[in-house]
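# Report on the structure
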Amino acid sequence: MTRRLRDFGLSCGIVEPGPLNAITDVRGVRVGHCTLEEGDLRTGFTAVMPHGGNLFRRKMRAGCEVINGFGKSAGLMQLAELGQIETPLLLTNTLAVGTGFDALVSRALDANPDIGRETGTVNPLVLECNDGFLSDIRARALTQAHALAALDAAAEGPVAEGAVGAGTGMSAFGFKGGIGTASRRLALDGAESALGVLVLANFGTAGDLVLPDGRRPMPPELEPQVERGSVIIVIATDVPLESRQLGRVARRAGAGLARLGAFWGNGSGDIAVAFSTADPIEHDQPRDLVSLHALNENRIDVLFRAAAEATQEAVLNAMVAAPATMGRDGHVRPSLGDWLARSNP
């Protein structure tokens, strides 16, 4: 059974989590993984799908925040300009961004024969972290088939965490990192809504991690490090938000990272993308003027708090779930879950 932070009596913040405490508490959101773990390879793809239909034809409003821009992601420029996403999100290692790009283009072209002919091209969204400490990133072993397998595996319900998919070879604060998720319940106009976060955690200097109870875990027998990692944060909500508001929510992921003890080092690529599953944008909209349903700006603090808390907890869930791992050239990352099991009374 996969361990999570709350199994050790720890939690982040004051807002209650959703039933799964996962990004899939936002109805319609799907997550899938493809893991490649053989020889010196510890890598993979993770797919996040805002809905199960054709995203090119029914786009999601979105925003992004580049907290620190040492990264090689694809698609962020158009996302920032137009405030929408039109493909699933793929997470992977740094040198597989092009592979993910090609896979998303292939899938979009197959589903939309008019792309590049009667309509424009497509903007694939691929985000990355460097898993080269534990995996032979130079092998460039990931293929389009791996990316497509992650997309095909995407499903609602519980999300696999830790050393899985894109998180297989990632590290965080000197421990094993990876994929983590969390969610928060929201109440607006008497109705329940949700905000969920999924992270690819590969950042933080050993000794800087701060747990919710104030403890500072230190990995054993670890040489001094320079902060050169990255973290990708994907935020989903079913609250109707305009793209500008989603950018503001994405920015608050940085508060969750800071609570963990991160300072966003010079060589760290820290990027947050937020999307809403409400009020989608129709690609074939015939009207000149369209209505927009959005949150009252004076109520947005509830989403800011939820984004910060869920980001903090998602990172810790990734680290707790991931087992101690030996990878390329005998490199080892211990498990935060093992540390908590030894340290808790």
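Further up the page is the structure itself.
The notes below deal with the structure included here. Just so you know, these numbers come straight off a predicted model, no measurement behind them. Residue indices begin from 1 for each chain and proceed along its sequence in written order. Residues qualify for local features only when their pLDDT is at least 70, as the model is predicted, and side-chain atom pairs are given and counted only at 80 or more; totals for whole chains, interfaces and linings, by contrast, use all residues. Neither water nor hydrogens contribute to the side-chain values; these are computed over all heavy atoms in the structure.

## Notes on the nonpolar core
Counting residues in hydrophobic clusters, the biggest one holds 48 residues, and the most contacted among them are Leu195, Phe203, Ile233, Ile235, Val249, Leu303 and Leu336. Contributing elements (two or more residues each) for this core: β9 (178-188), β10 (191-202), β11 (230-237), α4 (243-251), α5 (253-259), β12 (269-282), α6 (301-321) and α7 (336-343). Going along the chain from the N terminus, every DSSP run of H or I of four or more residues is numbered as a helix, and every run of E of two or more is numbered as a strand. Top contributing element to this core by residue count: α6, with 11 residues. Once residues within four sequence positions are removed from consideration, Ile233 is found in contact with Val197, Leu198, Val199, Ala253, Leu257, Ile271, Ala272, Val273 and Thr311. The term nonpolar core refers to a set of buried residues drawn from Ala, Val, Leu, Ile, Met, Phe, Trp, Tyr and Cys, joined through side-chain atoms within 4.5 Å. Burial classes follow relative accessibility: with a 1.4 Å probe on protein chains only, a residue under 20% of its type's maximum area counts as buried, one over 50% as exposed, and anything between as partly exposed. Residues Val48, Leu55, Cys64 and Val273 belong to the second largest nonpolar core, which totals 32 residues. Residue contacts are defined here by distance: any two heavy atoms, one from each residue, within 4.5 Å place the two residues in contact.

## Re the pairing of strand β1 (residues 30-38)
DSSP bridges decide pairing: two strands pair if at least two such bridges lie between them. Here β1 pairs with strand β2 (residues 41-49) via 9 bridges, running antiparallel. When the bridges of β2 are listed, Glu37 appears paired with Arg42.

## Observations concerning the sheet that holds β1
The pairing of strands in a sheet happens through backbone hydrogen bonds and is either parallel or antiparallel. Taking strand neighbours across the sheet as the criterion, the 4 strands line up as β1-β2-β5-β6 in an open arrangement whose pairing is mixed. Looking at which strands have only one partner, the edges of the open sheet turn out to be β1 and β6 (125-129). Looking at each pair of strands side by side, their axes are set apart by 15 degrees on average, direction ignored. Lying on the sheet, helix α2 (residues 97-111) is in contact with β2, β5 (89-93) and β6; it crosses β6 at an angle near 160 degrees. Only the stretch in contact is used when fitting a helix axis, every axis being a line fitted to C-alpha atoms; angles between N-to-C directions are given from 0 to 180 degrees.

So far we have only geometry, and geometry alone does not tell us how the molecule works.
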